[in-house]
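Working through the structure, step by step
Listed below are the residues making up each chain.
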Amino acid sequence: MATKSSWAHRLLVLPAALWLLVMLVLPLLVVFVFSFGERAPAGGYIPAFSFDNYLNLPARLTAFKNTLILAPLGTFAALLIAYPLAYYLAIKASVKIRTTLLVMIIVPFWTSILIRTYAWIYILGGRGIPQLLDWIGIEGVRLINTPYAVLIGIIYGYLPLMVFPIYVSLEKFDKRLLEASEDLGATPMKTFRDVTLPLSIPGIATGCMLVFILLMGEFLIPALLGGGKVFFVGNALVDLFLQSRNWTYGSAVAAALVIIMLVTVSIYMKLVMRGAGQREDVSLI
Amino acid sequence: MKDDNKPITRKEFMKQLRRYEKGSISRRQFLGVTGLGMATTVMAAAVPSLMPRKAWAAPNIGDRVVLATWPNYHEQANFEAFTEATGAHVQVNVFGSNEEMLAKLQAGGSGWDVGEDLIEPLDLSKLPNYEASAFEPRFSDAGSVNGKLYAVPKNWGTTGFVVNNKHNKGARMTSWKDFWDRTKTDYSGRTMVHDYQLTTIGNALKYFGYSFNSVDPAELADAEKLLLEVKPHLFAINSDYQPPLRNGDAWMSMCWTGDGKQLNTDIPTMEYVLGVEGGEIWSDYYAVPRGAEHREAGYALINFLLDPAINAREVQAHGYPVADSRTNALLPKALLEDPILYPAQELLDALEFGAAATLTDPNRAELLARFKSA
């Protein structure tokens, strides 16, 4: 009997295992194999086993530094802006206002991020916000093609991804808990700190994770709003594959990024788990 | 999310790299390019028709021809006329840059047969509209290797810089030395360079009087030093320079003929300058890849586009000069006398064709990537 059921189990796991193998393991394997290879004279790959590509990683140090500074910073800034909005939507807003606001958050998603980011080129350009600042006496502000422009673009682009998980976690918890807290004499501040915030941690954790992981691979926003001067690892990869045709070095950079992500995300998850006191309902994506 | 972004990402490429490069090719190394660094408009052709062919389509050339080319580089009405005349549809694949074209060819994504020799010697019997004597040798010779013709010229152009003289305090610029020095001083924060190794490195090399095509490590080291020095003073590293120049954020940029012409027409203070030290002259070509599937239709389309009357309409659409005297005879005089399109001879003489070895040089590619990520 036991053997039979374990066979059945294996059979049931097979489709998922195959899917993982083909979609995840094999492509990653290719990247790792390539990263030890040598660049063919006209681009492409020559089999080899050398660490040269990895030893050359410091040449992209600035790209890693920019990514590792701006991705967490962008995630944190998006969280600061998204939380009050999600809180208002879930707890304060009337049904009518809530629906309207939700639609307003969703609708821009129907347009490509490329076009929306292009719009920011003009908003942050000399004829946009800097000109408005000029009129009220703040002169000489330059935004476009600076890290600030990239940060603004990131917050704008990723805000909905942060708002929704938090909104959902705030919306689904039992509002009677808030009344109970108040009845028991807690100030609104204390209620927020001891009831609302802990209960929304799963949403915060999910939102931060979503935004952070996507940001680590971001290249469009820095390319458009950074003017080629604020360089992410994603931009370095695009250059290596489409310009230099240096697949092997590109693979090493990609592999390094994967490893950095694995490490940071595992640390992050450990912290979240601990912060949530090993709560059962902490679900990450 | 990322899946949603994927198609967008590709489009963003087209956009970002839009003005990327029209490409250049040297005579010596045309074959060396092996269709690779190919600043060339490549024709592919495909399998016998699956779609019903127009019954009256005279020569049996198939239902389709695939043209790999740059954005805004052809007159659409001409393609329609071609389909009308032959029954073959023109499928246009637009690439953002030479490197992108090559990357896709090598990845095999295009379905083209990519061997070491990428393009075939042209069968002139299929191109009655090509008349060698009508073309300026400087451009047409580059298409031949060892007496065999591999490619015919489409149009040519130059790479200089465009500068908004509104901000120059009466001191005009005439050289690449001016371009780089003024970027560090009164044009600081207002200059753009291409996101393209050939021109950005090439024009940095010209500052020292080196060849635009240099791959000498010591000379490249000088160019890199200059680029890193200038980087904090740049407005952007981006080949899509028209928008910021137009809205006033940028005052100066490396620039191709067609963009220089358009900017100067709309904003008269924008001057297109060819550095006295030299710089780049380039030409694009039509060629047929080896093993092309719609080969016959490819030849038919090239022949069609070489017809002087058709080509004249192409020029009016893309705004770049052509080397075919029969076509020039049909163009308005104002166009032919335009100093941006047809610069003075002594300026032209100093220019170099971007060599294939330069285009595909891994050290130059890596240099630019380092400069960008610095």
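Residues numbered from 1 in each chain as written. Chains lettered and ligands numbered in written order. Predicted model: local features only at pLDDT ≥ 70, side-chain atom pairs only at ≥ 80, totals over all residues.

1. Thoughts on the overall build of chain B
To keep things clear, this is the line we draw: Strands are runs of DSSP state E lasting at least two residues, helices are runs of H or I lasting at least four, and both sets are numbered from the N terminus onward. Exposure classification rests on a simple neighbour count of other C-beta atoms within 10 Å of a residue's own: a residue reaching 20 or more is buried, one at 12 or fewer is exposed, and one in between is partly exposed. C-beta atoms are placed from the backbone. This entry defines residue contacts through backbone-placed C-beta atoms, with two residues in contact when those atoms are within 7 Å.
Scanning chain B for helices and strands turns up 16 helices and twelve strands. The buried share among the 374 residues of chain B stands at 52%. Across chain B, contacts joining residues at least 24 apart in sequence account for 78% of those joining residues at least 6 apart.

2. So, the overall build of chain A
Broken down by element type, chain A carries twelve helices and two strands. For chain A, the succession of helices and strands along the chain, N to C, is α-β-β-α-α-α-α-α-α-α-α-α-α-α. Structurally, chain A occupies a C-alpha span of about 80 × 75 × 30 Å along its principal axes. Within the span of chain A, comprising 285 residues, buried residues form 35% of the whole. Residue pairs at least 24 apart in sequence account for 73% of intrachain contacts in chain A once pairs closer than 6 positions are excluded.

3. Topic: the nonpolar core
Which entries qualify depends on this criterion: Note on terminology: a nonpolar core is any set of buried Ala, Val, Leu, Ile, Met, Phe, Trp, Tyr and Cys residues joined through C-beta atoms within 7 Å.
Residues A:Ala86, A:Tyr158, A:Met162, A:Ile166, A:Leu225, A:Val253 and B:Val162 are the most contacted members of the largest nonpolar core, which totals 104 residues. Among the elements that make up this core, the one with the highest residue count is helix α7 (residues 147–172) of chain A (16 residues). Not counting residues up to four positions away in its chain, the partners in contact with B:Val162 are B:Leu245, B:Met252, B:Ser253, B:Cys255, B:Gly260, B:Leu263, B:Met270, B:Glu271 and B:Tyr272. In terms of nonpolar packing, the next biggest core, distinct from the first, is built from 27 residues, B:Tyr286, B:Val288, B:Tyr299 and B:Ile302 among them.

4. A closer look at helix α2 (residues 76–86) of chain B
Residues and elements named next belong to chain B. For clarity, the cut-off: Starting at the helix axis, one direction is taken to each C-beta atom, and the arc is that of these directions.
All buried positions along α2 are accounted for by Asn78, Phe82 and Thr86. For α2, the angular spread of buried residues about the axis comes to 50 degrees, placing them on one side. In α2, the exposed residues that point more than 90 degrees away from the buried face are Gln76, Ala77, Glu80 and Glu84.

5. Looking at the packing of helix α5 (residues 113–124) of chain A against α7(A)
Residue and element names in this part refer to chain A. Worth spelling out the cut-off: A fitted line through C-alpha atoms serves as each axis, taken over the contacting stretch for helices, and the angle formed by two N-to-C directions is quoted from 0 to 180°. Roughly parallel refers to an angle under 35 degrees, roughly antiparallel to one over 145, roughly perpendicular to one between 65 and 115, and oblique to any angle outside these ranges. For a crossing to be left-handed, the near helix must be turned anticlockwise from the far one by less than a right angle; the clockwise case is right-handed. Here the term charged refers only to Asp, Glu, Lys and Arg, the term nonpolar to Ala, Val, Leu, Ile, Met, Phe, Trp, Tyr, Cys and Pro, and the term polar to all other amino acids, Gly among them.
At a minimum axis distance of 11 Å, the contact between α5 and α7 shows a crossing angle of 140 degrees. When the axis of α5 is compared with that of α7, the two are oblique. Relative to α7, α5 is oriented so that their crossing is right-handed. Touching Ile113, Thr117, Trp120 and Leu124 of α5 are Ala149, Ile152, Gly153, Tyr156 and Gly157, all from α7. Broken down by class, the residue content of the contact of α5 with α7 amounts to six nonpolar, three polar and no charged.

6. So, the environment of B:Asn168
Residue and element names in this part refer to chain B. Tracing the backbone shows Asn168 in the loop between β6 (152–164) and α5 (176–184). As a C-alpha pair, Asn168 and Arg182 span 14 residues in sequence and 9.2 Å in three-dimensional space. Residue contacts for Asn168: discarding those within four places in its chain leaves Val163 and Met173.

7. A short note on the packing of α7(A) against helix α9 (residues 188–216) of chain A
Residue and element names in this part refer to chain A. It is the contact of α7 with α9, at a shortest axis distance of 7 Å, that shows an interaxial angle of 155 degrees. When the interaxial angle is binned, α7 and α9 end up roughly antiparallel. Between α7 and α9 lies a crossing of right-handed hand. In contact with Ile154, Tyr158, Leu161, Met162, Pro165, Ile166, Val168, Ser169 and Leu170 of α7, α9 contributes Leu199, Ser200, Pro202, Gly203, Ile204, Thr206, Gly207, Leu210, Val211, Leu214 and Leu215. When grouped by side-chain class, the residues that make up the contact of α7 with α9 number 15 nonpolar, five polar and no charged.

8. Looking at the pairing of β6(B)
All names here are of chain B. As a reminder of what qualifies: Strands are labelled as partners when DSSP assigns at least two bridges between them.
Most of β6 sits inside the fold, with 13 of its 13 residues counted as buried. Sheet topology note: the β6/strand β10 (residues 270–273) ladder contains four bridges and is antiparallel. Among the inter-strand pairings, Phe161 is bridged to a residue of β10, identified as Val273.

9. Considering the environment of B:Gly160
Residues and elements named next belong to chain B. Tracing the backbone through its elements, the reader meets Gly160 in strand β6. Residue Gly160 is classed as buried on the basis of its C-beta count, with 26 C-beta atoms lying within 10 Å. Separated by 118 residues in sequence, Gly160 and Gly278 place their C-alpha atoms 8.8 Å apart. The contact partners of Gly160, leaving out residues within four places of it in the chain, are Cys255, Gly260, Tyr272, Val273, Leu274, Gly275 and Gly279.

10. Focus on unusual backbone geometry
For residues other than glycine, phi is negative in most cases, and the peptide bonds are mostly trans. Residues and elements named next belong to chain A. With a phi close to 65 degrees, Asn145 is a non-glycine residue in the positive phi region. Tracing the backbone shows Asn145 in the loop between α6 (129–135) and α7. Look at Arg245: it is not a glycine, yet its phi comes out positive at around 50 degrees. Positionally, Arg245 belongs in the loop between α11 (233–243) and α12 (247–275). Note on Arg245: 22 C-beta atoms within 10 Å, which makes it buried.

11. Section: the pairing of strand β2 (residues 64–69) of chain B
Residues in a regular strand point their side chains to alternate faces of the sheet. All names here are of chain B. Across the six residues that make up β2, a large majority, five, are buried. With six bridges joining them, β2 and strand β3 (residues 89–94) adopt parallel strand pairing. The residue bridging Ala68 from the neighbouring strand is Asn93, located in β3.

12. So, helix α6 (residues 197–207) of chain B
All names here are of chain B. Taken across its eleven residues, α6 has eleven buried, putting it largely inside the fold. Within the sequence span of α6, burial applies to Gln197, Leu198, Thr199, Thr200, Ile201, Gly202, Asn203, Ala204, Leu205, Lys206 and Tyr207. Immediately beyond the C-terminal end of α6, within one or two residues, lies Gly209, with a positive phi of roughly 80 degrees.

13. Quick word on the confidence of the model for chain B
All names here are of chain B. Quick reminder of the rule: Residue-level confidence of the predictor, termed pLDDT, takes values from 0 up to 100.
Scored by pLDDT, chain B has a mean of 79; 78% of the residues are at 70 or more. Taken together, the stretch residues 1–58 has pLDDT below 50 and engages in 161 contacts with residues farther than four places along the chain or on a different chain. Confidence metrics for the complex model read pTM 0.78 and ipTM 0.82.

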